[in-house]
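# Coordinates in review
What follows is each chain in one-letter form.
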Amino acid sequence: MLNMRFYRRLILLFLLLLGVVAGCRQSSEQGTAVLTIELIAPLNPSLANDREMSLRVTDEAGQPVNDAILDIKGDMTHAGMVPVLANARNGVGGVYTTPFVWTMTGDWIVTARATLPDGRWDEAEFRLRVGQ
Ligand SMILES: [Cu+2]
């Protein structure tokens, strides 16, 4: 009986530690950069016609940021879809353009992360409905 109690406590302790680790990971995932990431195009995406995406990155002063790395991920709102991934560098006037091919019509969430050369980053999310 003592063993049973011991194991229960051990499992509880383990779960608590797991929670602490998860908590740490979350707080270290704050990117600290304050950037504005705007979706330029497509604002009304079409499955047939849109094969590129353009985003603009500006800093706190509203100045264009050209030396960020953009990691873009498109997820549909329903389960079971492979995300569409893209990345871009070398902004021109703060605008980054990359090939981006939608794989289905419907509701998408696009997450764009801009990482600065010093490792700080910021992220923005766009909800889009992709038509035919
Ligand atoms: Cu889908």
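These notes cover the structure that comes with them.

### Description of the nonpolar core
If you look at the biggest cluster of nonpolar residues, it comprises 16 residues, and the most contacted ones within it are Ile37, Leu55, Val57, Leu70, Ile72, Ala112 and Ala114. When residues of this core are traced back to their parent elements, those giving at least two are β2 (52-58), β3 (69-76) and β6 (106-115). The element contributing the most residues to this core is β6, with four residues. Look past the residues within four positions of Ile37 in its chain and what remains in contact with it is Leu55, Val57, Ala112, Ala114, Asp122 and Ala124.

### What to know about unusual backbone geometry
Note: most residues except glycine have negative phi, and most peptide bonds are trans. Residue Pro42 is bonded to the preceding Ala41 through a cis peptide linkage, with omega at 0°. Relative to the helices and strands, Pro42 resides in the loop between β1 (36-41) and β2. Look at Thr32: it is not a glycine, yet its phi comes out positive at around 65°. Structurally, Thr32 is set in the loop between α1 (2-28) and β1. Unusually for a residue other than glycine, Asn90 sits at a positive phi of about 60°. Topologically, Asn90 is positioned in the loop between β4 (84-88) and β5 (95-99). According to the C-beta neighbour criterion, Asn90 is exposed, with 11 such atoms within 10 Å.

### Brief notes about the sheet that holds β6
Pairing within the open sheet is antiparallel, and its four strands lie in the order β4-β3-β6-β7. A single partner strand is all that each edge strand has here, and the edge strands are β4 and β7 (121-130). For this sheet the average axis-to-axis angle between neighbouring strands, irrespective of direction, equals 20°.

### So, the sheet that holds β2
One open sheet holds the three strands; their spatial order is β1-β2-β5, and the pairing between them is antiparallel. Among the strands making up the open sheet, the edge pair consists of β1 and β5. Direction aside, neighbouring strands of the sheet carry axes that sit 25° apart on average. Across five bridges, β2 lies against β5 in antiparallel orientation.

Analysis parameters
Residues numbered from 1 in each chain as written. Predicted model: local features only at pLDDT ≥ 70, side-chain atom pairs only at ≥ 80, totals over all residues. Core = buried A, V, L, I, M, F, W, Y, C linked by C-beta atoms within 7 Å. Buried ≥ 20, exposed ≤ 12 C-beta atoms within 10 Å, placed from the backbone. Helix = DSSP H or I, 4+ residues; strand = E, 2+ residues; numbered from the N terminus. Contact = placed C-beta atoms within 7 Å. Pairing = 2+ DSSP bridges. Axes fitted to C-alpha atoms, helices over the stretch in contact; angles between N-to-C directions.

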